[in-house]
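Now for the letters of each chain:
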Amino acid sequence: MQHQIAPSLLAADFGNLAGEVAVINQSDADWLHLDIMDGVFVPNISFGIPVIEAVKKTATKPLDVHLMMVQPERYIEAFKKAGADLLNVHYEASPHLHRTIESIHQHGMKAGVTLNPHTPVSVLEEIITEVDLVLIMSVNPGFGGQKFIPGSLGKIQKLKDLIMKRNSKAWIEVDGGVDQNNARELVQAGADILVAGSYVFKAPDPQEAIRKIKYF
Ligand code: DX5
Ligand code: ZN
């Protein structure tokens, strides 16, 4: 399939959120990526449920919500009500991952599991056929604008192998330090969805920036 682009709103101008969402609505982006940080799981606090509700009022792209928080299972219903279409929970924050994935599905959303840079792909062996997506963190979560960790490429390939071996339909999403210099090799390695924050929103023309990492 043609790979998809999910701009991360974390790098947008929060003083002009509606305007920034409109730019993405009118772009060739496929999803909108929303980063929820709780100040506990990651050393930063971003935004929460009211902001998702506000974005949902005008966004025309599906909302891909990335939960960088402890005990994400406590908020599944709240994120569904706020307008999430896909919920990504961290493997490292989910001791009962199977149950959490099941609950996300029961709430009518797609379910993703996210891996920190140090977490090997092999931990997904028993869950890979249950998830719709695996999100590979290619930076340490918590901040936008960080440098891409090169080892992430090998992880994408290992994940692709696991998906094929288990006959899973899971998509591979990559998040952190994605730009026009690495987009092509990420897709060649097996990525289906590219998240890009600063590369898109700090560009002079975000819509052009999106086209550059989507069509090549
Ligand atoms: C980092 C977030 C990312 C972030 C990516 O913890 O999960 O989604 O917004 O930002 P860039 O693309 O600037 O690395
Ligand atoms: Zn993210």
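As the structure is a computational prediction, the values presented were derived from the model and not from experiment.

Thresholds, definitions, all that
Residues numbered from 1 in each chain as written. Chains lettered and ligands numbered in written order. Predicted model: local features only at pLDDT ≥ 70, side-chain atom pairs only at ≥ 80, totals over all residues. Heavy atoms only, no water. 1 Å grid on protein atoms, 1.4 Å probe; cavity = no way out; pocket = protein on both sides within 12 Å on 5 of 7 lines; lining within 4 Å. Points joined across faces, edges and corners; volume = space filled by probe spheres on them. Helix = DSSP H or I, 4+ residues; strand = E, 2+ residues; numbered from the N terminus. Nonpolar A, V, L, I, M, F, W, Y, C, P; charged D, E, K, R; others polar. Buried < 20%, exposed > 50% of the residue type's maximum accessible area, 1.4 Å probe, protein only. Donors = N, O, S within 2.8 Å, 3.2 Å for Na, K, Ca; no water. Tetrahedral: all angles 85-135°; square planar, octahedral: opposite > 155°, others 65-115°. Salt bridge = Lys/Arg side-chain N within 4 Å of Asp/Glu carboxyl O. Phe/Tyr/Trp six-rings, centres within 6.5 Å; stacked < 30°, edge-to-face > 60°.

A. Expanded view of the layout of surface pockets. Approximately 290 Å³ is the volume found for the largest pocket. Those elements that provide at least two residues to the lining of the largest pocket are strand E2 (32–37), strand E8 (193–196) and helix H7 (198–201). Looking at the lining of the largest pocket residue by residue, the classes come out as twelve nonpolar, nine polar and three charged.

B. Broad picture of unusual backbone geometry. Even without glycine at this site, Gln71 takes up a positive phi of about 50°. Relative to the helices and strands, Gln71 resides in the loop between strand E3 (63–68) and helix H3 (76–82). The phi dihedral of Asn167 falls on the positive side, at around 60°, and the residue is not glycine. Its location among the elements puts Asn167 in the loop between helix H5 (152–165) and strand E7 (171–175). For Asn167, a relative accessible area of 68% puts it in the exposed group.

C. Seen up close, the coordination of the zinc ion (ligand 2). Coordination sphere of the zinc ion (ligand 2), protein contribution only: His33 (NE2), Asp35 (OD), His66 (ND1) and Asp175 (OD), at 2.0 to 2.3 Å. Classification of the site at the zinc ion (ligand 2) as octahedral follows from its six donor atoms and the range of 71 to 169° in their angles at the metal.

D. Spatial organisation of the pattern of salt bridges. Under the counting rule described, the total for this entry stands at five salt bridges. Among the ionic pairs, Glu77 bridges to Lys81, the shortest N-O distance being 3.4 Å. In this pair, Glu77 and Lys81 both sit in helix H3, four residues apart, roughly one turn of the helix. We classify Glu77 as partly exposed; its relative accessible area is 44%.

E. Focus on the packing of aromatic side chains. Considering all chains together, one arrives at two aromatic pairs under this definition. Summarising the aromatic geometry, the rings of Phe14 and Phe47 are spaced 5.8 Å apart at their centres and angled 85° between planes, so their arrangement reads as edge-to-face. Of this pair, Phe14 sits in the loop between strand E1 (4–7) and helix H1 (17–25) while Phe47 sits in the loop between E2 and helix H2 (49–58), and the two are 33 residues apart along the sequence. Phe14 sits in the partly exposed class, given a relative accessible area of 43%. Judged by its relative accessible area of 11%, Phe47 falls in the buried class. Plain terms: the ring middles of Trp31 and Trp171 are 5.7 Å apart, the flat faces sit at 55° to each other, and that makes the pair tilted. Note that Trp31 is positioned in the loop between H1 and E2 and Trp171 in strand E7, a separation of 140 residues in sequence.

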